[in-house]
Amino acid sequence: MLKGKTALVTGSTSGIGLGIALTLARQGTNVVLNGFGDTEGPRQEVEAAGQAHGIKVGYHGADMSKPAEIEAMMAYIDKDFGGCDILVNNAGIQFVANVDEFPVDRWDAIIAINLTSAFHTMRLALPGMKQRHWGRIVNIASTHGLVASAGKSAYVAAKHGLIGLTKSAALETATLPVTVNAICPGWVLTPLVQKQIDTRATKEGIEVAEAKRQLLAEKQPSLQFTTPEELGALTVFLCSDEAVNVRGQAWAMDGGWTAQ
Ligand code: NAD
């Protein structure tokens, strides 16, 4: 179904983005990776996942806080892949501090990477999707797009904003074969969350395993982490023809977190 389409997954050198890139590659989707750190390892993994379909894998190192670099990435996809059919806005960072102590540069970076970057990729991808009469946009928000936690004001503001952006764009494209939705994961054990577990362990003088248990027990009734593979499967569903009437949704996959 998604064979031969091209997906851009931002922030896909690690964690959830890499999981989604791998799932799409297994469907035969060409994938453009983006993100920092080791790029060769993730690229080889994604190539191997899509090998049976002979997919094409690309990489662009755009810093998602820099609009000019995002423009260059979207131009690269248009030129080398004939356009972006599936856009997964996933790149994100976290910083934890109370509002009156929140470093201004961290606020600006979180809003730029977790929210504004999605506006830029969407404004640049939508014209091609409309022209080719097919498109899927999946914004990786968070339970923190639906409810808040103390100490995460910038992240919560950005993720609530991302869901708002998703709804507006979904209404603007409601009669077109282009859909826009958000996914709201609960805790997923990625480097972004491992950092928070390690900080908790150090602060409270407890074992990392106990910090992990406490983190889940506090918010996620299933007491299990959501996995990148599960999020990849939901992304594939949202990209399917059967999901054409799922529009403007913020779909939680959070072990019951937001049911409380
Ligand atoms: P991660 O730290 O494992 O991965 C983040 C990715 O974003 C990496 O590839 C990194 O290189 C990239 N990135 C960071 N800054 C960037 C920038 N300026 N430009 C380009 N790429 C950049 O984190 P993750 O947990 O996989 O998070 C991915 C997304 O999922 C984020 O938007 C996050 O908010 C969201 N999310 C995560 C969880 C969780 O529990 N892990 C829960 C809900 C939502």
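The numbers attached to residues start from 1 for each chain and follow its sequence in the written order. Side-chain atom pairs in this predicted model are given and counted only at pLDDT of 80 or more, local residue features only at pLDDT of at least 70, and totals for whole chains, interfaces and linings cover all residues. Excluding hydrogens and water, the side-chain figures rest on all heavy atoms present in the structure.

Moving on, we come to the overall build of the protein chain. Segments assigned H or I by DSSP are reported as helices when at least four residues long, segments assigned E as strands when at least two residues long, and all are numbered from the N terminus. What the protein chain contains, in helices and strands, is eight helices and seven strands. What the globule rule says is 2.2 Å times the number of residues to the power 0.38, and the radius of gyration is computed from C-alpha atoms. In terms of C-alpha radius of gyration, the protein chain reaches 18 Å, essentially the compact-globule figure of 18 Å for 260 residues. For every residue, the accessible area obtained with a 1.4 Å probe (protein chains only) is divided by the maximum for its type, and the residue is called buried under 20%, exposed over 50%, and partly exposed between those limits. In the protein chain, which comprises 260 residues, the proportion classed as buried is 52%. Nonlocal contacts in the protein chain, meaning residues at least 24 apart in sequence, comprise 71% of its contacts between residues at least 6 apart. Accessible surface area values rest on a Shrake-Rupley calculation with a 1.4 Å probe, where residue burial reflects the displayed protein chains alone. Approximately 11,500 Å² of the protein chain is accessible, and the part contributed by carbon and sulfur atoms is 55%. Contacts are assigned to residue pairs that have any heavy atoms within 4.5 Å of one another.

Let's shift gears to the domain arrangement of the protein chain. You'll often see interface size given as the accessible area lost when the parts meet. Here the limits of each domain have been adopted from an automatic or database domain assignment. Each assigned domain of the protein chain is listed here: domain 1 (6-186 + 227-259) and domain 2 (189-225). A straight line from the C-alpha centre of domain 1 to that of domain 2 covers 25 Å. Here domain 1 meets domain 2 over a buried area of about 860 Å², counting both sides, of which 57% is carbon and sulfur. Once two parts are joined, some of their accessible surface, as seen by a 1.4 Å probe, is lost; buried area is that loss totalled over both. Counting the surface domain 1 buries against domain 2, the share from its top three residues, Gln 94, Gly 255 and Trp 257, is 41%. Each salt bridge in this description consists of a side-chain nitrogen of Lys or Arg and a carboxyl oxygen of Asp or Glu lying within 4 Å of one another. Here domain 1 and domain 2 share zero salt bridges between them. What qualifies as a polar contact is a pair of N or O atoms within 3.5 Å, subject to a donor-acceptor requirement within protein and to the restriction that residues adjacent in sequence count only when both atoms come from side chains. For the pair domain 1 and domain 2, the number of links is three residue pairs in polar contact (both at pLDDT 80 or more).

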